[in-house]
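The residues making up each chain are set out below.
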Protein chains: 2
Amino acid sequence: MADPVTKLIVGGVTSAQGFLAAGVHGGVKPQKKDIALVFSRVPAAAAGVFTTNKVKAAPVLVDMERIRSGRGQAVVLNAGNANACTGEQGLRDAREMALLAAQGLEISEELVYVCSTGVIGHPLPMDALRRGIPEAVKALGPDGAAAAEAIMTTDTVPKTAAVQIEVGGQVVTIGGMTKGAAMIHPQMATTLAVLTTDATVAAPVLQAALRRAADLSYHRITVDGDRSTNDTMLLFANGEAGAPEITGPGEALDAFQAGLTAVSVALAKMIVRDGEGATKLIEILVRGAQSDEDAARAAMAVAQSALVKTAIYGRSPNWGRILAAVGYSGAEMQPDRAMVRIGPVLVAERGGAVGDRSTLDEVVRYLARDDVQIVVDLGLGKGTATVWTCDLTENYVKENAGYIS
Amino acid sequence: MADPVTKLIVGGVTSAQGFLAAGVHGGVKPQKKDIALVFSRVPAAAAGVFTTNKVKAAPVLVDMERIRSGRGQAVVLNAGNANACTGEQGLRDAREMALLAAQGLEISEELVYVCSTGVIGHPLPMDALRRGIPEAVKALGPDGAAAAEAIMTTDTVPKTAAVQIEVGGQVVTIGGMTKGAAMIHPQMATTLAVLTTDATVAAPVLQAALRRAADLSYHRITVDGDRSTNDTMLLFANGEAGAPEITGPGEALDAFQAGLTAVSVALAKMIVRDGEGATKLIEILVRGAQSDEDAARAAMAVAQSALVKTAIYGRSPNWGRILAAVGYSGAEMQPDRAMVRIGPVLVAERGGAVGDRSTLDEVVRYLARDDVQIVVDLGLGKGTATVWTCDLTENYVKENAGYIS
């Protein structure tokens, strides 16, 4: 069987048919747009993946309850305040946000999801939301750009992506928007992602597909190892493309899964590229591991190593730090079988150095790029995994040292 | 029973009777002293704790073999080159280092241990060691200062500590030296520590005591989460104080354990305080956990959080980042029972904020200190743990971005 065809298009959360969005300034943050709304003209199948942090923000608790229905029609999001560690008041505020949207949209409150991102431990400024959410309803339109902008916090660019696939001869679109620049880590970390599709997908199939896509995208990126209280990935499938319903395994699901994973990976990589203070996107490919899980463990340890991340930033060909990170990752390894490549340059083989000073000079030249690849082959089996991270720079420290003070 | 009396004294690796040390410039590093030697006049009981990294440096492999005898008389150490990822040649070089020391000291090669620290993946410059080790033998004397200086890499200060205890009415001294400023992490991370005592302790008891001390000191500190290929903690007990032998549980072992743990904690805290780029020592005390293991897990997650570490650096009273770190630590927690105190200031209770703007102002004033304490009470049980870390600053990035290039 040929791989399903996935066509990347310019687009975002409103690329799929029947979705509208808006982004407005409500006053949670000074000046910047801070309230976003995404709306499907018809009720849709809904799926969600949420933070595994035991400290869950109020909107996450509300969404986790609602997603059990497998149905949804709108998401209201705010930046500037996470509504986390806010107790009972926080839950009331999250529900009121959904209610305000539902009233404006004239739909059932239960079909509205809520996402918040920003500072932890402060009550939501509900005045701003009571003013802003009705405005967002009025501003709904076919352009997703303002919504993508409204969910930005320390992000420097809005992040959207879309693909088209074919299901039963019918073109189906999957698009989305995301935000996040720190507290990024597997199992999610103030990452918000809203994905929309006009495919017709049964809710349990949709949930499984979203989890699979998350495992290969959002759960494979790390900026600083911190995991947030608010991470949420939502996917709505409203069936507006009129393609046959996807109800289980088969060619249609394969195509849908490939498209959904492609959008998710594209969005996740945008987050890493925009990591706080980052200057480089680093892809870490581990192969030859005893299992895919072991490969992911090893790749994640390299991606999280502050020493590796600072070395890449400084264009330092310090491959020993890469092997050391694999060594403490918990992945099965035999040092004398391990190979390390930085970009096109083989730097270590059988656990030891390869080449000479000119080899390292070649690495230094390669590390001038914005996109860097590290390949580790453990020489043990067939397990592979790819993880994305960014370099660690002085600006990460600067941005996080003065966040709320 | 009263707690054993442990008296901190000014001293180091030669404070215990019968130990000599030296530190010389051999030429592994330009200019700086780079070879250290510690020697007991008589063969001693020996214990060791080593890195858990699967990529183990050659000297670690050699020491792990030799420590099985439970005997030792000397340690030769070098800074500037880790002799890690150096294959068979590395093992030959590590053994030659020991042999050179043994020949100079006229003792059995099997009684000599080897430690290296520095860059990974480069062969040891054996000329420098062949020249320097005999010089170190000649330079042996009762002052431990030069040895402590010779093992420094990015350390900015030499690190030594000593205590005195009583065993059977006899004063016994335990002292030591250590190095380390990055790649510091539980399960050790380019940390070298050589501890000496004139107590008489059976080898298996000594090993258990060292492991216990390591668990409460070196395994409770973190600078950057990286774990090195070279970490080694060695302890020699030569019996020169003439105190009764400690062969098992009892008052004497309690006193010895308390003293050994106190020296180890003092040395470990010096490492964190000297963490690369650090401006503050941060103590994290978690209590009220379901178990001590859970408390350690929670405290370590807070200590490793880049967001917490940058916030403390920036004097930002961002307690939400502390609770979020506990939330993803894996420790059992119920957010609505958690309490957070920063120094003397209660900032969160039952998972939510306490006080007002003036409370946060008080935290900002407190964070001007060099020594900062964070207390988290999970309100679930009796588990407690203390972990030490340092803040994360622009200078950590600067130091690590250009280490070898």
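Residues numbered from 1 in each chain as written. Chains lettered and ligands numbered in written order. Predicted model: local features only at pLDDT ≥ 70, side-chain atom pairs only at ≥ 80, totals over all residues.

What to know about the overall build of chain A
Note the following rule: What counts as a helix is a DSSP run of H or I of at least four residues, what counts as a strand is a run of E of at least two, and both are numbered from the N terminus. In this treatment the radius of gyration is a C-alpha quantity, and the globule benchmark scales as 2.2 Å times the residue count to the 0.38 power. Exposure classes come from backbone-placed C-beta atoms, where a residue is buried if 20 or more other C-beta atoms lie within 10 Å of its own, exposed if 12 or fewer do, and partly exposed in between. Contacts here follow a simple rule: the backbone-placed C-beta atoms of the two residues must lie within 7 Å.
Of the regular secondary structure elements, chain A holds eleven helices and 16 strands. Against the globule reference of 22 Å for 405 residues, chain A gives a C-alpha radius of gyration of 22 Å, in line with a compact fold. Along the three orthogonal principal directions, the C-alpha set of chain A runs to about 70 × 55 × 35 Å. Buried positions account for 64% of the 405 residues belonging to chain A. Contacts spanning at least 24 positions in sequence make up 80% of the contacts within chain A whose residues lie at least 6 apart.

Digging into the environment of Val157(B)
Residues and elements named next belong to chain B. Within the fold, Val157 resides in the loop between α4 (145-150) and β6 (159-167). The exposed category is assigned to Val157, around which 12 C-beta atoms lie within 10 Å. Sequence separation between Val157 and Val24 is 133 residues, and the spatial gap between their C-alpha atoms is 17 Å.

Details of the sheet that holds strand β15 (residues 371-377) of chain B
Residues and elements named next belong to chain B. Put simply, the rule is: The criterion for strand pairing is that DSSP finds at least two bridges linking the strands in question.
Here seven strands make up an open sheet; going across it, the order is β9-β16-β11-β15-β12-β13-β14 and the pairing mixed. Each end of this open sheet is capped by a strand with a single partner; those strands are β9 (221-222) and β14 (352-353). Here β9 pairs with strand β16 (residues 383-390) via two bridges, running parallel. Across the sheet, Thr222 pairs through a bridge with Thr389, a residue of β16.

Focus: the pairing of β15(B)
Successive side chains on a regular strand alternate, one facing one side of the sheet and the next facing the other. Residues and elements named next belong to chain B. Relative to β15, strand β11 (residues 281-289) runs parallel, the two being bridged by seven bridges. In the sheet register, Leu285 faces β15, and the bridge partner there is Val375. Taken together, the four bridges between strand β12 (residues 339-342) and β15 define a ladder with antiparallel strand orientation. Its bridge partner being in β15, Arg341 is matched across the sheet by Val375.

Quick notes on the relation of the copies chain A and chain B
Applicable threshold: Superposition of the copies was done by least squares, using only C-alpha atoms of residues whose pLDDT is at least 70 in both.
Overlay of chain A on chain B (RMSD 0.0 Å): rotation 180 degrees, translation along the axis 0.0 Å. When the rotation and shift are considered jointly, the pair of chain copies conforms to a two-fold rotation axis. When C-alpha distances to the rotation axis are compared across chain A, the minimum falls at Glu394(A), with a value of 2.2 Å. Most of the interface of chain A is mirrored in chain B: 98% of its interface residues are interface residues there too.

Digging into the domain arrangement of chain A
All names here are of chain A. Here is the rule we go by: Bear in mind that the domain bounds are from an automatic or database domain assignment. Classes in brief: Ala, Val, Leu, Ile, Met, Phe, Trp, Tyr, Cys and Pro nonpolar; Asp, Glu, Lys and Arg charged; the others, Gly included, polar.
The domains assigned to chain A are domain 1 (7-273) and domain 2 (281-401). Summarising the inter-unit geometry, the C-alpha centres of domain 1 and domain 2 are found 32 Å apart. If you look at the interface, domain 1 gives twelve residues, while domain 2 gives eleven residues. When contributions to the side of domain 1 that touches domain 2 are tallied by element, the ones reaching two or more residues are β9 (221-222) and α6 (251-273). The element contributing the most residues to the side of domain 1 that touches domain 2 is α6, with four residues. Along the lines of polarity and charge, the residues of the side of domain 1 that touches domain 2 split into six nonpolar, three polar and three charged.

Examining the sheet that holds strand β11 (residues 281-289) of chain A
Residues and elements named next belong to chain A. Our working rule: Helix axes are fitted only over the stretch in contact, all axes being lines through C-alpha atoms; the angle between N-to-C directions runs from 0 to 180 degrees.
Judged by pairing direction, the sheet is mixed, and its seven strands sit side by side in the order β9-β16-β11-β15-β12-β13-β14 without closing on themselves. Of all strands in the sheet, those bounded by a partner on one side alone are β9 and β14 (352-353). Relative to strand β16 (residues 383-390), β11 runs antiparallel, the two being bridged by seven bridges. Looking across to β16, one finds that Glu283 is bridged to Trp388. Contacts from helix α9 (residues 319-328) reach β12 (339-342), β13 (345-349) and β15 (371-377) within the one sheet, and its direction differs from that of β12 by about 130 degrees.

So, the interface of chain A and chain B
On the side of chain B, 57 residues touch chain A, which itself brings 56 residues to the contact. Counting residues per element, the ones that place at least two in the side of chain A that touches chain B are α8 (306-313), α9, β14 and α11 (394-401) of chain A. Sort the elements by how many residues they give to the side of chain A that touches chain B and α9(A) lands first, with seven residues.

What to know about the nonpolar core
As a rule of thumb, soluble globular proteins bury nonpolar side chains together. Rule in force here: For this entry, the nonpolar core is defined as buried Ala, Val, Leu, Ile, Met, Phe, Trp, Tyr and Cys residues connected by C-beta atoms within 7 Å.
Formed by 295 residues in total, the largest nonpolar core has its most connected members in Leu37(A), Ala101(A), Val302(A), Leu37(B), Ala101(B) and Val302(B). For Val302(A), the contacting residues outside a window of four places in its chain are Ile284(A), Val308(A), Ile322(A), Ala325(A), Val326(A), Ile374(A) and Val376(A).

Quick notes on the packing of α8(A) against α9(A)
Residue and element names in this part refer to chain A. Filter applied, for reference: Any angle that falls under 35 degrees is termed roughly parallel, while one over 145 is termed roughly antiparallel, one within 65 to 115 roughly perpendicular, and all others oblique. Each crossing is labelled by how the near helix is turned from the far one, with a counterclockwise turn of less than a right angle marking it left-handed and a clockwise turn marking it right-handed.
Where α8 meets α9, the closest approach of the two axes is 9 Å, and the angle between their N-to-C directions is 160 degrees. As far as their axial angle goes, α9 and α8 are roughly antiparallel. Seen along the crossing, α8 lies across α9 with a hand that is left-handed. Across the interface between the two elements, Leu307, Val308 and Ala311 from α8 touch Arg321, Ile322 and Ala325 from α9. The residue makeup of the contact of α8 with α9, split by class, is five nonpolar, no polar and one charged.

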